[in-house]
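Structural overview
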Amino acid sequence: MYKNLITTLNGPVLKKTALKYMDFGNPTEEQWPGVTLLRDCHTYPKWEPQNLVRTVPTLGPDGVDLLTKMLKYNPVERISAKAALDHPYFDSLDKSQF
């Protein structure tokens, strides 16, 4: 059903935005201040947030937590690269290589 919508959207930015909305739901003013003022904000259907475990089932709880922190709508709330590398998802890596 959504696949048809994605193929009709013009341009890669609109397609990527629609895919993110489909997983995370449409952003609210609380999540992304000023979003309703953006030009194309109202061109998307209303989507409810999905459980990322269903979207990426092989990732596991730590991976889903990290991905959620990386993909926050408000850039100020996103995890930093340094904090991401210290996330429990990477605990099994030999960090002496970095």
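Since we're looking at a predicted model, the values are computed, not measured. (Residues numbered from 1 in each chain as written. Predicted model: local features only at pLDDT ≥ 70, side-chain atom pairs only at ≥ 80, totals over all residues. Heavy atoms only, no water.)

**Quick notes on the overall build of the chain**
Secondary structure assignment for the chain yields 5 helices and 0 strands. Each helix (α) and strand (β) of the chain, taken in turn from the N terminus, gives the series α-α-α-α-α. Within the chain, the proportion of its 98 residues that are buried is 21%. Taking the contacts inside the chain whose residues are at least 6 apart along the sequence as the reference set, 48% of them involve residues at least 24 apart. In the structure as shown, the chain presents an accessible area of about 7300 Å², 60% of it carried by carbon and sulfur atoms. (Helix = DSSP H or I, 4+ residues; strand = E, 2+ residues; numbered from the N terminus. Buried < 20%, exposed > 50% of the residue type's maximum accessible area, 1.4 Å probe, protein only. Contact = heavy atoms within 4.5 Å. Areas by Shrake-Rupley, 256 points an atom, 1.4 Å probe, with all protein chains shown as cover.)

**With respect to the packing of aromatic side chains**
Two aromatic rings are characterised by how far apart their centres lie and by the angle between their planes. In the structure shown here, the tally under the stated rule is 2 aromatic pairs. Pairing Trp32 with Tyr73 gives two aromatic rings, centres 6.0 Å apart and planes at 15°, and the pair type is stacked. Placement of Trp32 in the loop between α2 (12-24) and α3 (52-55) and of Tyr73 in the loop between α4 (60-70) and α5 (81-85) is noted, with a sequence separation of 41 residues between them. Overall, Tyr73 belongs to the buried group, its relative accessible area being 8%. Between Tyr89 and Phe90, the ring centres sit 5.1 Å apart and the planes meet at 80°, which makes this aromatic pair edge-to-face. (Phe/Tyr/Trp six-rings, centres within 6.5 Å; stacked < 30°, edge-to-face > 60°.)

**Side note on the environment of Arg78**
Along the chain, Arg78 falls in the loop between α4 and α5. For Arg78, a relative accessible area of 35% corresponds to the partly exposed category. Sequence separation between Arg78 and Leu66 is 12 residues; the distance between their C-alpha atoms is 9.9 Å. Of note is the side chain of Arg78, whose polar atom sits 2.7 Å from the backbone oxygen of Lys72. (Polar contact = N/O pair within 3.5 Å; in protein donor to acceptor, adjacent residues only side chain to side chain.)

**Concerning the pattern of salt bridges**
Overall, the coordinates contain 2 salt bridges when judged by the stated rule. Asp65 is the partner of Lys69 in a salt bridge, and the nearest nitrogen-oxygen pair spans 3.2 Å. Taken together, the residues Lys69 and Asp65, both in helix α4 and 4 residues apart, mark about one turn of the helix. In this structure, Asp86 engages Lys82 in a salt bridge whose closest nitrogen and oxygen atoms are separated by 3.7 Å. With relative accessibility at 47%, the residue Asp86 sits in the partly exposed group. (Salt bridge = Lys/Arg side-chain N within 4 Å of Asp/Glu carboxyl O.)

**Quick look at the environment of Ser80**
With respect to the secondary-structure elements, Ser80 resides in the loop between α4 and α5. For the pair Ser80 and Met70, spaced 10 residues apart in the sequence, the C-alpha separation amounts to 8.0 Å. Within the structure, the side chain of Ser80 is placed 3.0 Å from the backbone nitrogen of Ala83, a separation counted as a polar contact.

**Things to note about the confidence of the model for the chain**
Mean pLDDT over the chain stands at 76; residues scoring 70 or higher make up 71%. Element-level mean pLDDT values for the chain span from 41 in helix α1 (residues 2-8) up to 93 in α5. (pLDDT = per-residue confidence, 0-100.)

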